[in-house]
Amino acid sequence: MAERHFTPNEVAALIPTLTEIMGRVMAAHAEAATVRERQRAEQERISLAGGGVLDRAAWRADSERAAGLTRRVQDGLERIVALGGAPKDLGLGLVDFPHLRGGAEVNLCWKHGEREIRYWHGLDEGYTARKPL
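How should I be thinking about the packing of helix α1 (residues 8-48) against helix α2 (residues 56-83) in this particular structure?
How two helices pack is summed up by the angle between their axes together with the distance between the axes. Here α1 crosses α2 at 155°, and the two axes come no closer than 8 Å. If you check the angle between α1 and α2, you find them roughly antiparallel. Both α1 and α2 take part in a crossing whose hand is left-handed. A breakdown of the residues in the contact of α1 with α2 according to their chemical character gives 15 nonpolar, seven polar and 10 charged.

Pasting the structure below:
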């Protein structure tokens, strides 16, 4: 059982903050994935060529950029958890909040871009099983 249960109005009051935090988290997550894909492609290029010259400065810059972006994602997720939310999907920007509905513990489900809390789902269900409040 969760330490705290949220009402839809309590989560709705957090939406401006959630929107700002999750927007930055999603952007950093997407950019980090792009940087990691660029590094993976460079490794594959060198491997397929049977060797090659690696631009060490570019590789180091990409590695540092990915690390910084990962820290930004982690910091944002920690802020969401501190607010009482449980981040679920960074691509969609999903955050769940514990809620009591009819005496049963469920999750209020917020998706980045939504301006109000309109959905919930069971603890053993996910985004695709969202139900209207």
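Explain the sheet that holds strand β2 (residues 94-101) to me, please; I cannot follow it from the model alone.
Through backbone hydrogen bonds, the strands of a sheet pair up, either in parallel or in antiparallel fashion. Ordered in space as β1-β2-β3-β4-β5, the five strands form an open sheet in which the pairing is antiparallel. Because the sheet does not close on itself, it has two edges, and the strands there are β1 (86-89) and β5 (131-132). The pairing of strand β3 (residues 104-111) with strand β4 (residues 119-122) spans four bridges and is classified as antiparallel. Along β4, the bridge assignment pairs L108 with W120.

Hey, could you run me through the environment of H29 in this one?
Mapped onto the fold, H29 is located in helix α1. Residue classification places H29 among the partly exposed positions, given a relative accessible area of 31%. Remark: the alpha-carbon pair of H29 and L69, spanning 40 residues in sequence, is separated by 6.9 Å. When near neighbours in sequence (up to four residues on either side) are disregarded, H29 contacts R36, V73 and L90.

Any chance you could explain the packing of aromatic side chains here in plain terms?
Working definition: an aromatic ring pair is given by the centre-to-centre distance plus the angle between the planes. According to the stated counting rule, one finds one aromatic pair in the structure shown. Aromatic side chains F6 and F97 sit 5.0 Å apart centroid to centroid with 70° between the ring planes, which places their arrangement in the edge-to-face category. On the criterion of sequence distance, the pair formed by F6 in the segment before α1 and F97 in strand β2 is long-range, its members being 91 residues apart. Under the relative-accessibility criterion, F6 is labelled buried at 3%. When its relative accessible area of 0% is taken as the criterion, F97 is described as buried. The residue whose ring lies beneath R4 is F6, and the NZ or CZ to ring-centre distance is 4.0 Å. For the cation-ring pair, K131 lies above W120, with the distance from its terminal atom to the ring centre recorded as 4.9 Å.

Cut-off values and rules
Counting restarts for each chain, with residues numbered from 1 along the sequence as it is written. Residue-level local features of this predicted model are given only where pLDDT is at least 70; pairs of side-chain atoms are given and counted only at 80 or more, and the full residue set underlies all totals for whole chains, interfaces and linings. Where side-chain values are given, they derive from all heavy atoms of the structure, hydrogens and water being excluded. Angular values range over 0 to 180 degrees, each being the angle between N-to-C directions of two axes fitted as lines to C-alpha atoms, with helices fitted over their stretch in contact. For helices the rule is a DSSP run of H or I covering at least 4 residues; for strands it is a run of E covering at least 2, with both sets numbered from the N terminus onward. Roughly parallel covers angles under 35 degrees, roughly antiparallel covers those over 145, roughly perpendicular covers 65 to 115, and oblique covers all other angles. In a left-handed crossing the near helix is turned counterclockwise from the far helix by less than a right angle, and in a right-handed crossing that turn is clockwise. Put simply, Ala, Val, Leu, Ile, Met, Phe, Trp, Tyr, Cys and Pro go in the nonpolar bin, Asp, Glu, Lys and Arg in the charged bin, and everything else, Gly too, in the polar bin. Here, a strand pair is defined by DSSP locating no fewer than two bridges between the strands. Exposure classes here rest on a 1.4 Å probe applied to the protein chains alone. A residue is buried below 20% of its type maximum, exposed above 50%, and partly exposed in between. A contact between two residues is defined here by any heavy atoms of the two lying within 4.5 Å. A pair of Phe, Tyr and Trp rings is counted when the ring centres sit within 6.5 Å of each other, with Trp represented by its six-membered ring. The angle between the planes then sorts it: under 30 degrees is stacked, over 60 is edge-to-face, the rest tilted. Both a distance and an angle decide whether a charge sits over a ring: NZ of Lys or CZ of Arg must be within 6 Å of the ring centre and within 35 degrees of the ring normal.

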